[in-house]
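# Reading the structure
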Amino acid sequence: MQFELTKEFLDDLKMAIERNQEQELIELIGDLHGADISEIIAELDSDQALILYKVLDGAKASDVLRHMEDDDQEEFLASLTSKEIAEQFIDNLESDDAADVIQALPQDQKEEVISLIEDKDQAKDIVDLLHYEEGTAGALMAKELVAVQLNWTVSQAVKEMRRQAETIENIYTVYVVDEDDKLLGRLPIKKLITTPVRSKISDIYNEKIKFARVDEDQEDVANMMEKYDLVAVPVVDELDRLLGRITIDDIVDVIKEEAEKDYALASGISGNVESTDTVLTLTRARLPWLLIGLLGGILGARVIELYEGDLQLYPEMAFFIPLIAAMGGNAGVQSSAIIVQGLANNSLGFSGMFSKLTKEFLIALLNGLVCSILIFAYNLVFHDSMDLAITVSFALLTVIIVATLFGTFVPLVLDKYEIDPALATGPFITTVNDVLGLFIYFLIGHLFYI
């Protein structure tokens, strides 16, 4: 059953904290998952959180820290000494989670915490991970894994697996390497337990294995794991030597981060911001897109001013300015959203840009015809003007087609030049299509009426 944080529970917890009732705190949170406790801590101030942490054992405290949101984690770590971080948390975390925690610390404190880690092998693994570029497979992987050598017997492999497994929380795959740690394949557990103990690993291992390069982009790794339904993937260097593994929980975090980033861009927010950030930070993230919208509005006003004479002669055209602008913006956002989604999950296939534009053109033509026929009938009924009906209908059809093609073309071009195609969604497409739509509308109106 999923834990639900209620006001009553939180009040009881705060009361126990104020009275320093350690036993009651243990009873309240003792059976909760680390993710649930991290949710609770987000509702506490730093002093209350520290008191709550004191009743947790090392493993549970580290698990809670691992599940904290970045802002909460940084704020909490700031209240601890380097020694407390090293001894109470790092020792109980796997290398990838430990590296993430240390990465959030100030530069001078990073070195201090690493120097205080008792397990020097773990310290070395963490230092190695910190050297990889953010957003790559190397920065995402954990060094803990289970690997056996090709020339071992089953008996030797089992003995070594038991030793390696002591430091690993979950074992998803047993990897097979040679004497130089070059990845050769994987060892099916079923074969391991059903094969005579004197058999060689070389006789029972599976050579077919998916892997990631250490400098590979994390999004590409996520797409591979999603495509092949993998729960873990090994990471190798340029010489195919096994360096670590990436597990599904890390990939879920990547997918979540990328979705949040794309949603923010589509909503007109630049940068990685949270609702808890300062007013100035949030303003800096939102203002650039609002300025783009302002510029688009000014350009739209200039277009209307350019055809002011036509509006004076045919003022009824002004009634449909909002319709034309809205339909153009909506059509552009729809097409760009489909293309961006396809680029993100690699579902567009191998067809070129021309085929994408052709398909979107046919879709736009069909949608435009339906909308144009409806607005044509509306104008005949309520305005009794054939010229206006034809002008608005033809302009609407043209605007929908142009906006759709523009919304398709822009993200494809951005992706070709390795620019995040999510930039093409939201305010950018809407603003440009508003201006284009108005220009097309008045140009067609000028041609039809004059």
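Residues numbered from 1 in each chain as written. Predicted model: local features only at pLDDT ≥ 70, side-chain atom pairs only at ≥ 80, totals over all residues. Heavy atoms only, no water.

### What to know about the overall build of the protein
For the record, the criterion: Counting from the N terminus, the helices are the DSSP runs of H or I reaching at least four residues and the strands are the DSSP runs of E reaching at least two. Atoms counted for the radius of gyration: C-alpha only. Globule rule: 2.2 Å times the number of residues to the power 0.38. For every residue, the accessible area obtained with a 1.4 Å probe (protein chains only) is divided by the maximum for its type, and the residue is called buried under 20%, exposed over 50%, and partly exposed between those limits. In this analysis, two residues are considered to be in contact whenever any of their non-hydrogen atoms come within 4.5 Å of each other. In this tally, Asp and Glu contribute negative charge and Lys and Arg positive charge; neither His nor the terminal groups of the chain are included. Charge positions come from single atoms, namely NZ of Lys, CZ of Arg, CG of Asp or CD of Glu.
The number of helices and strands found in the protein is 22 helices and six strands. The C-alpha atoms of the protein give a radius of gyration of 30 Å, which is well past the 22 Å a tight globule of 450 residues would have. Split into buried and exposed, the 450 residues of the protein put 42% on the buried side. Of the contacts made within the protein by residues no fewer than 6 positions apart, 66% connect residues no fewer than 24 positions apart. A gap of 9 Å separates the mean positions of the 34 positive and 79 negative side-chain charges of the protein.

### Quick notes on the nonpolar core
Worth spelling out the cut-off: Think of a nonpolar core as a cluster: buried Ala, Val, Leu, Ile, Met, Phe, Trp, Tyr and Cys residues, connected wherever their side-chain atoms sit within 4.5 Å.
Within the largest apolar cluster, 57 residues are counted, with the highest numbers of intra-cluster contacts made by Ile29, Ile40, Leu52, Tyr53, Ile90 and Ile246. Ranked by residues supplied to this core, first place goes to helix H1 (residues 7–18) with five residues. Judged by nonpolar contacts, the second largest core, of 25 residues, contains Tyr307, Ile321, Val399 and Ile440.

### Quick notes on the layout of surface pockets
Note the threshold: Detection works on a 1 Å grid of protein atoms alone, calling trapped sets that fit a 1.4 Å probe cavities and calling open sets with protein on both sides within 12 Å along at least five of seven lines pockets, with lining residues defined by an atom within 4 Å of a point. Grid points are joined across faces, edges and corners, and a volume is the space filled by probe spheres set on the points.
Size it by volume and the second largest pocket reaches roughly 1,300 Å³. Considering the residues around the second largest pocket, the lining is formed by 44 residues, among which Lys143, Glu144, Leu145, Thr167 and Ile168 are closest to the centre. Ranked by residues supplied to the lining of the second largest pocket, first place goes to helix H5 (residues 58–67) with five residues.

### A word on the pairing of strand S1 (residues 146–149)
Within a regular beta strand, the side chains point alternately toward one face of the sheet and then the other, so they alternate between its two faces. We apply this condition: Criterion used throughout: strands pair if DSSP finds at least two bridges between them. With its strands directed away from the observer, a crossover is right-handed exactly when the path from the first strand over the helix to the second travels clockwise.
Bridge analysis of S1 against strand S2 (residues 174–177) gives four bridges, and the strand direction is parallel. If you follow Val146 over to S2, its bridge partner there is Val174. Tracing the backbone out of S1, into helix H12 (residues 154–165) and back to the parallel element S2 gives a crossover that is right-handed.

### Quick notes on the pattern of salt bridges
As a reminder, the rule being used: The term salt bridge refers to a pairing of a side-chain nitrogen on Lys or Arg with a carboxyl oxygen on Asp or Glu at a separation within 4 Å.
Under the counting rule described, the total for this entry stands at nine salt bridges. Among the ionic pairs, Asp128 bridges to Lys124, the shortest N-O distance being 3.3 Å. With Asp128 and Lys124 both in helix H10 (residues 120–130) and four residues apart, the pair spans about one turn of that helix. Of the residues examined, Asp128 reaches a relative accessible area of 22% and is grouped as partly exposed. With its nearest N and O atoms 3.1 Å apart, the salt bridge here joins Glu305 to Arg302. Pair noted here: Glu305 and Arg302 are both in helix H17 (residues 279–306), with a separation of three residues, about one helical turn. On the basis of relative accessibility, which here comes to 46%, the residue Glu305 falls in the partly exposed class.

### Side note on the side chain of Thr153
In this fold, Thr153 is placed in the loop between S1 and H12. Residues contacting Thr153, with those up to four places away along its chain left out, are Val197, Arg198, Ser199, Lys200 and Ile201.

### Quick word on unusual backbone geometry
In this structure, Asn20 is a non-glycine residue whose phi angle is positive, near 55°. With respect to the secondary-structure elements, Asn20 resides in the loop between H1 and helix H2 (22–29). Phi at Asp240 is positive, roughly 65°, even though this residue is not glycine. With respect to the helices and strands, Asp240 occurs in the loop between strand S5 (232–236) and strand S6 (242–247).

### Some points on the sheet that holds S2
Think of a sheet as strands paired side by side through backbone hydrogen bonds, with each pair either parallel or antiparallel. Put simply, the rule reads: Where helices are involved, their axes are fitted lines through C-alpha atoms of the stretch in contact, as for all axes, and angles between N-to-C directions lie from 0 to 180°.
Read from one edge of the open sheet, three strands run S1-S2-S3, paired in mixed fashion. Of all strands in the sheet, those bounded by a partner on one side alone are S1 and strand S3 (183–187). Ignoring strand direction, the axes of neighbouring strands in this sheet form an average angle of 35°. Along the sheet, H12 contacts S1 and S2; its crossing angle with S1, the most-contacted strand, is approximately 155°.

### Here's the deal with the environment of Thr194
Applicable threshold: Under the rule applied, a polar contact is a pair of N or O atoms within 3.5 Å (in protein, one hydrogen donor and one hydrogen acceptor; residues adjacent in sequence only if both atoms are side-chain atoms).
With respect to the helices and strands, the residue Thr194 is situated in helix H13 (residues 189–194). For the pair formed by Thr194 and Ala259, sequence separation is 65 residues and the distance between their alpha carbons is 43 Å. Among the polar contacts made by the side chain of Thr194, one reaches the main-chain carbonyl oxygen of Lys190 at a distance of 2.7 Å.

Interpretation in functional terms is not warranted from these geometric data alone.
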